[in-house]
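Residues per chain, in single letters:
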Amino acid sequence: MNEDIIVTTRNLKRTFKFGETEIFALDGVNLSVRKGEFVVILGPSGAGKTTLLNMIGGIDRPSAGEVLVDGNKITDYSLDELNSYRRNDVGWIFQFFNIVASLRAWENVGLALEFQGIKSKTEIKERSFELLKQVGLKGKEDRFPSQLSGGEQQRVAIARALVKKPKIVVADEPTGNLDFVTGQSIAELMRNLNQQEKITFIVVSHDLNITQYSDRVFHLRMGKIEQIEEQPQNSSANMVGE
Ligand SMILES: Nc1ncnc2c1ncn2[C@@H]1O[C@H](COP(=O)(O)OP(=O)(O)OP(=O)(O)O)[C@@H](O)[C@H]1O
Ligand SMILES: [Mg+2]
């Protein structure tokens, strides 16, 4: 095993039966993501991007092939092991933020801390405030999601994803519901966290602009990786060959 690789998929396939027809959502995907890398998976609607992310994040299982994360074959995991992997090792960021409307910004982060087993109210509040500061929300900790802009809500979601100190962060269209400028600022935030905290990011998008913040771009089309593009302006984590 190459020590510098965190995620590998081998001949990954996912088919869905839809009535009489079979849909080949993933049709043999082979990829490797390096530790500390920022990878963007780009492709048109229906290419299989979400399906692929769900396999890597442990939300769904493939029809064939395997996924290795940090040397562990997660495709062999029992349901309990897969749940624990998804809960403890993967940070998720979604297009529609998925934060709880009835909880303040810090309480959304705090809830994730509680799930991690932290019981002290003081510690939960302190750490939530610290994480919100890290994503640029100092002073807005007490606001409810409805009192935050879309970009700010996504920042809360990113802070929440950082709670578990994830091995990987996976993001499905994180800028898909934001205007151009706000999307750029979210992409920048993710890139900064990637570089400062050495967190591996796997970001799915149709948004070409996000690629400028990445180390590599995987082009997915009809369930297959068509092309892998190194981003020449970015040098971090690019020391390893395939
Ligand atoms: N649960 C399902 N049942 C049947 N077909 C599915 C299911 N999930 C996905 N598919 C099909 O698999 C293919 C890939 O879907 P996927 O959601 O991965 O695409 P995507 O690249 O994320 O697209 P988008 O950019 O629109 O989100 C599509 O043809 C889709 O219709
Ligand atoms: Mg999708």
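Please read all numbers here as calculations on a predicted model, not as lab measurements.

Rules used throughout
Residues numbered from 1 in each chain as written. Chains lettered and ligands numbered in written order. Predicted model: local features only at pLDDT ≥ 70, side-chain atom pairs only at ≥ 80, totals over all residues. Buried ≥ 20, exposed ≤ 12 C-beta atoms within 10 Å, placed from the backbone. Helix = DSSP H or I, 4+ residues; strand = E, 2+ residues; numbered from the N terminus. Axes fitted to C-alpha atoms, helices over the stretch in contact; angles between N-to-C directions. Left-handed = near helix turned anticlockwise from the far one by under 90°. Contact = placed C-beta atoms within 7 Å. Near = placed C-beta within 6 Å. Nonpolar A, V, L, I, M, F, W, Y, C, P; charged D, E, K, R; others polar. Core = buried A, V, L, I, M, F, W, Y, C linked by C-beta atoms within 7 Å. Domains from an automatic or database assignment.

Draft legend 1. Spatial organisation of helix α1 (residues 49-56). Counting buried positions along α1 yields six of eight residues, so the element is predominantly enclosed. Among all positions of α1, only Lys49, Thr51, Leu52, Leu53, Met55 and Ile56 are buried. One or two steps after α1, the chain reaches Gly58, where phi turns positive at roughly 80 degrees.

Draft legend 2. Quick peek at the packing of helix α3 (residues 105-115) against helix α4 (residues 121-134). Axis separation between α3 and α4 bottoms out at 8 Å; the angle between their running directions is 120 degrees. Crossing geometry of α3 relative to α4 is assigned as right-handed. Between α3 and α4, the contacting residues are Ala105, Trp106, Val109, Gly110, Leu113 and Glu114 on the first element and Ile124, Lys125, Arg127, Ser128, Phe129, Leu131 and Leu132 on the second.

Draft legend 3. Representation of the site of ligand 1 within the structure. In the vicinity of ligand 1 lie 13 residues, with Phe16, Ala25, Ser45, Thr50 and Thr51 positioned nearest. Sorting the residues of the shell around ligand 1 by element identifies β1 (5-18), β2 (21-34) and α1 as the ones contributing at least two each. The element best represented in the shell around ligand 1 is α1, accounting for three residues. Of the residues contributing to the shell around ligand 1, the split by class is five nonpolar, seven polar and one charged.

Draft legend 4. Seen up close, the nonpolar core. In terms of nonpolar packing, the biggest core is built from 62 residues, with Ile41, Val109, Phe201 and Ile202 touching the most fellow members. Residue contributions to this core peak at six residues, all from helix α5 (residues 150-162). For this core, the domains that each give at least three residues are domain 1 (1-89 + 167-187 + 194-242) and domain 2 (102-165). Apart from the residues lying within four places of it in its own chain, the contact partners of Ile41 are Lys49, Leu52, Ile202, Val204, Phe218 and Leu220.

Draft legend 5. How the structure looks around unusual backbone geometry. Look at Phe97: it is not a glycine, yet its phi comes out positive at around 65 degrees. Following the sequence through the fold, Phe97 ends up in the loop between β6 (90-93) and α3. The class of Phe97 is buried, set by 24 C-beta atoms lying within 10 Å. Its identity as a non-glycine residue notwithstanding, Asn98 has a phi of 50 degrees, on the positive side. Positionally, Asn98 belongs in the loop between β6 and α3.

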